[in-house]
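Residues per chain, in single letters:
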Amino acid sequence: MNSSYIIAIPSYKRSMVLLYRTLNFLERNSIDPKLIHIFIVEEDQEEYNQIPTYLYNKIIVGVKGLPKQREFIDNYFDEGVNIVSIDDDIQDIIFANPHEEIPLDEFLNNAFELCKKEGAYIWGIYPVGNPFYAKNNKWYSTHLTYICGALYGYINRPKNEDIKCVLTYNGQNGEDFERSIKYWLHDKKVIRFNTVCCKTCYFGKDGGGLGNLQSRLESMEFHCKLLHAHYPSYTRLYIKKNGVYNLRLRDGSKQTLR
């Protein structure tokens, strides 16, 4: 199958995490290295140049700050390009129902084909690492749901101001919630594969990335409250048992499940 997408990996001060997790994950799944683009900041270039070049296509120097780097990635690629955005610490992709399991390249191609069929411009996977919680879900949904930033795909529209993250642009948290809402408001569909999960560490202890849980608590609370205040009809604010503020998304319509 000819791949219809490129892969963009934003990474910050975690070259070895990237090497032993995401790049290892992509290599194990036979993803063509020519598809892989790594986006870093200038101060880290020497560090990332130590990664074996056969594992990727290009290392591109972008800008600091994840929302800003994502915008840089959008502007780097052409309109209409299918982009798979992957964090630098993804260890595996997991199909909750073994009979649905297909090669990663096939899954990614199929995800964009489904976007075209449904008239959607973004897709994501179920935001848990344990497939036990996903095995009874329907295959995919198109209503407003959280598209986690760890691994998702989108059809590039760099000039579309309506889908750009504004409230979280200068922050470290909440941009994937804002993106989910904005895509749904603009397109009236976001696709999420509810029986597919990924193994990752959402709050790492190894520096770089978005930082560890403790360092993010205050920022998460601020951005969750900010997004809820801006989109009260589409969000519900709640606090997890570990004290982390979070959001649940809802569109108030009948949920469309496949």
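Residues numbered from 1 in each chain as written. Predicted model: local features only at pLDDT ≥ 70, side-chain atom pairs only at ≥ 80, totals over all residues. Heavy atoms only, no water.

Asker: Would you take a moment to explain the nonpolar core for this structure?
Answerer: For soluble globular proteins, the rule of thumb is that nonpolar side chains tend to be buried together. Ranked by internal contacts, the top residues of the largest apolar core, which has 67 residues, are Ile 7, Leu 26, Ile 38, Phe 107, Trp 123 and Phe 193. With seven residues, the single largest contributor to this core is helix α4 (residues 104–118). Sequence-distant contacts of Trp 123, defined by excluding residues within four places in its chain, comprise Val 84, Phe 107, Leu 108, Ala 111, Phe 112, Cys 115, Ile 147, Leu 151, Tyr 152, Gly 153, Ile 191 and Phe 193. (Core = buried A, V, L, I, M, F, W, Y, C linked by side-chain atoms within 4.5 Å. Buried < 20%, exposed > 50% of the residue type's maximum accessible area, 1.4 Å probe, protein only. Helix = DSSP H or I, 4+ residues; strand = E, 2+ residues; numbered from the N terminus. Contact = heavy atoms within 4.5 Å.)

Asker: Looking at this model, I keep getting lost on the sheet that holds strand β8 (residues 151–155). Mind explaining?
Answerer: Adjacent strands of a sheet pair through backbone hydrogen bonds, lying either parallel or antiparallel. Judged by pairing direction, the sheet is mixed, and its eight strands sit side by side in the order β3-β2-β1-β4-β8-β6-β9-β7 without closing on themselves. This sheet does not close on itself; its edge strands, each paired only once, are β3 (58–61) and β7 (140–141). Here three bridges tie strand β6 (residues 122–125) to strand β9 (residues 191–193), and the two strands are oriented parallel to one another. The partner of Ile 125 across the bridge, within β9, is Phe 193. Its contacts with the sheet put helix α1 (residues 15–28) on β1 (6–10), β2 (36–40) and β4 (82–86), and the angle it makes with β1 is roughly 165°. (Pairing = 2+ DSSP bridges. Axes fitted to C-alpha atoms, helices over the stretch in contact; angles between N-to-C directions.)

Asker: Sorry, what's going on with the environment of Val 196 here?
Answerer: Assignment of secondary structure puts Val 196 in strand β10 (residues 196–199). Residue classification places Val 196 among the buried residues on the basis of a relative accessible area of 2%. Separated by 134 residues in the primary sequence, Val 196 and Gly 62 place their C-alpha atoms 30 Å from one another. Excluding residues that lie within four positions of it along the chain, Val 196 makes contacts with Ile 93, Ile 94, Phe 95, Phe 107, Ile 125 and Tyr 126.

Asker: What should I look at first to understand empty space enclosed by the protein in this one?
Answerer: It is the rolling of a water-molecule-sized probe over the atoms that shows where space remains empty. All told, the structure shown has one cavity of 30 Å³ or more when counted by the stated rule. The volume enclosed by the largest cavity comes to roughly 260 Å³. Taken together, 17 residues line the largest cavity, and the ones lying closest to its centre are Asp 74, Ile 163, Lys 164, Cys 165 and Arg 179. No other element matches helix α3 (residues 66–76), which puts four residues into the lining of the largest cavity. Among the residues making up the lining of the largest cavity, the classes are represented as eight nonpolar, two polar and seven charged. (1 Å grid on protein atoms, 1.4 Å probe; cavity = no way out; pocket = protein on both sides within 12 Å on 5 of 7 lines; lining within 4 Å. Points joined across faces, edges and corners; volume = space filled by probe spheres on them. Nonpolar A, V, L, I, M, F, W, Y, C, P; charged D, E, K, R; others polar.)

Asker: Sorry, what's going on with the packing of aromatic side chains here?
Answerer: Aromatic ring pairs are described here by two measures, namely the spacing of the ring centres and the angle between the planes. Counted according to the given criterion, the structure contains 17 aromatic pairs. With a centroid separation of 5.2 Å and an interplanar angle of 65°, the aromatic rings of Phe 107 and Phe 193 are classed as edge-to-face. Remark: Phe 193 occurs in strand β9 and Phe 107 occurs in helix α4; sequence separation between them is 86 residues. Grouping residues by exposure puts Phe 107 and Phe 193 together as buried. An aromatic cluster is built from Phe 95, Phe 107, Phe 112, Trp 123, Trp 139, Tyr 140 and Phe 193, whose rings are joined through pairwise contacts. (Phe/Tyr/Trp six-rings, centres within 6.5 Å; stacked < 30°, edge-to-face > 60°.)

Asker: What am I meant to see in a positive patch on the surface here?
Answerer: Together, Arg 236, Lys 240, Arg 248 and Arg 250 make up a region of like positive charge exposed at the surface. Note that Arg 248 resides in strand β12 (residues 245–249). (Patch = residues over 30% accessible without salt bridge, like charges linked within 9 Å, V, L, I, M, F, W, Y side chains within 5 Å. Areas by Shrake-Rupley, 256 points an atom, 1.4 Å probe, with all protein chains shown as cover. Salt bridge = Lys/Arg side-chain N within 4 Å of Asp/Glu carboxyl O. Lys, Arg positive; Asp, Glu negative; His and termini not counted. Charge placed at Lys NZ, Arg CZ, Asp CG, Glu CD.)

Asker: I tried to follow helix α5 (residues 175–187) on my own but got confused; where do I start?
Answerer: An α-helix turns once every 3.6 residues. As a result, residues three or four positions apart point the same way. Spanning 13 residues, α5 covers 18 Å between terminal C-alpha atoms, matching the ideal 18 Å at 1.5 Å per step. Within α5, eleven of the 13 residues are buried, leaving the element largely enclosed by the surrounding structure. All buried positions along α5 are accounted for by Glu 175, Asp 176, Phe 177, Glu 178, Arg 179, Ser 180, Ile 181, Lys 182, Tyr 183, Trp 184 and Asp 187. Lys 188 sits one or two positions beyond α5 and adopts a positive phi of about 65°. (Expected span 1.5 Å × (residues − 1).)

Asker: Mind showing me how you'd approach α1 here?
Answerer: Taking 1.5 Å of rise per residue, 14 residues should cover 20 Å, and α1 covers 18 Å from first to last C-alpha, within 8% of that figure. The largest bend in α1 is about 25°, located at Thr 22. Within α1, the full set of buried residues consists of Ser 15, Val 17, Leu 18, Leu 19, Thr 22, Leu 23, Phe 25 and Leu 26. Next to the buried residues of α1 lie β1, β2, α2 (45–48), β4, β5 (92–95) and α4. Of the residues one or two after α1, Ser 30 is the one with positive phi, at around 60°. (Bend = angle between axes of the 7 residues up to and from the residue.)

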